[in-house]
Amino acid sequence: MMKVSEYGASLFRDLRKRDGLDDELLLDSFSPKMNEDAMFKFQEGSGKSECFFYYTENKRFVIKTLKDLELRRLIKKGLIENYNAHLKKNPKSLLARIYGVYKIKVKFMKPISLIIMENIIGSNSQELEGLYDLKGSSFQRFAQPKTASSVLKDNNFLLNVNHRLSIGPYLK
């Protein structure tokens, strides 16, 4: 037996619709047949949350697991509604798109919380010069790169003069 709880269903459905994503695209993107090779390529995140990431074979979406505290903060009254309102008002926002928040409970197993997100890197990973997980803080926000494709943090970004962003007033 499996139970799936969906949080903010109508709000995320609205966001998916505004972004031109229909149910058929989502079902195709997550179909076992399309993801046969990718099914065993879960990746552990480099952050302190130790979450897992799964990228669909078509590179359009990411599933990220959440800890209970992260889920509680995310579904806290008003947060999802404010997120949706912000993206509705700012359709070109650079915020990551979250397309669904779920909790899955399979009999005899601990529940798993997850979000489905847009994969902002997509199929362009070969073109990346650097990848940063920016939180807007400097406290404990330095990563020791292990490989050329390591995810770096805020202080790495600030120290790397070659990766300054120039965003015009309209996009700000």
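Treat the numbers as computed from the prediction; the structure is a model and nothing was measured.

S.K.: Give me the lowdown on the packing of aromatic side chains, citing residues and values where you can.
M.R.: Scanning the model with the defined rule gives four aromatic pairs in all. Ring geometry for Phe 53 against Tyr 55: centres 6.5 Å apart, planes inclined by 20°, an arrangement best described as stacked. Here Tyr 55 falls in the partly exposed class, since its relative accessible area comes to 26%. Each residue in the set Phe 30, Phe 61 and Tyr 99 is aromatic and connected to the rest through ring pairs, giving one cluster.

S.K.: Give me the lowdown on unusual backbone geometry, citing residues and values where you can.
M.R.: The residue Lys 59 is not glycine, and still its phi comes out positive at about 65°. Residue position: Lys 59 is located in the loop between strand S3 (52–55) and strand S4 (61–66). One non-glycine residue, Gln 140, lies in positive phi territory at about 50°. Topologically, Gln 140 is positioned in the loop between strand S7 (131–133) and strand S8 (151–153). Exposure remark for Gln 140: the relative accessible area of 59% places this residue in the exposed category.

S.K.: Outline a negative patch on the surface, listing residues and values.
M.R.: Residues Asp 22, Asp 23, Glu 24 and Asp 28 make up a contiguous surface patch of negative charge. Turning to its location among the elements, Glu 24 is positioned in helix H2 (residues 23–30). On the basis of relative accessible area, Glu 24 is assigned to the exposed category, the value being 56%.

Rules and cut-offs
Residues numbered from 1 in each chain as written. Predicted model: local features only at pLDDT ≥ 70, side-chain atom pairs only at ≥ 80, totals over all residues. Heavy atoms only, no water. Phe/Tyr/Trp six-rings, centres within 6.5 Å; stacked < 30°, edge-to-face > 60°. Buried < 20%, exposed > 50% of the residue type's maximum accessible area, 1.4 Å probe, protein only. Helix = DSSP H or I, 4+ residues; strand = E, 2+ residues; numbered from the N terminus. Patch = residues over 30% accessible without salt bridge, like charges linked within 9 Å, V, L, I, M, F, W, Y side chains within 5 Å. Areas by Shrake-Rupley, 256 points an atom, 1.4 Å probe, with all protein chains shown as cover. Salt bridge = Lys/Arg side-chain N within 4 Å of Asp/Glu carboxyl O. Lys, Arg positive; Asp, Glu negative; His and termini not counted. Charge placed at Lys NZ, Arg CZ, Asp CG, Glu CD.

Just distances and angles here, no functional claims.
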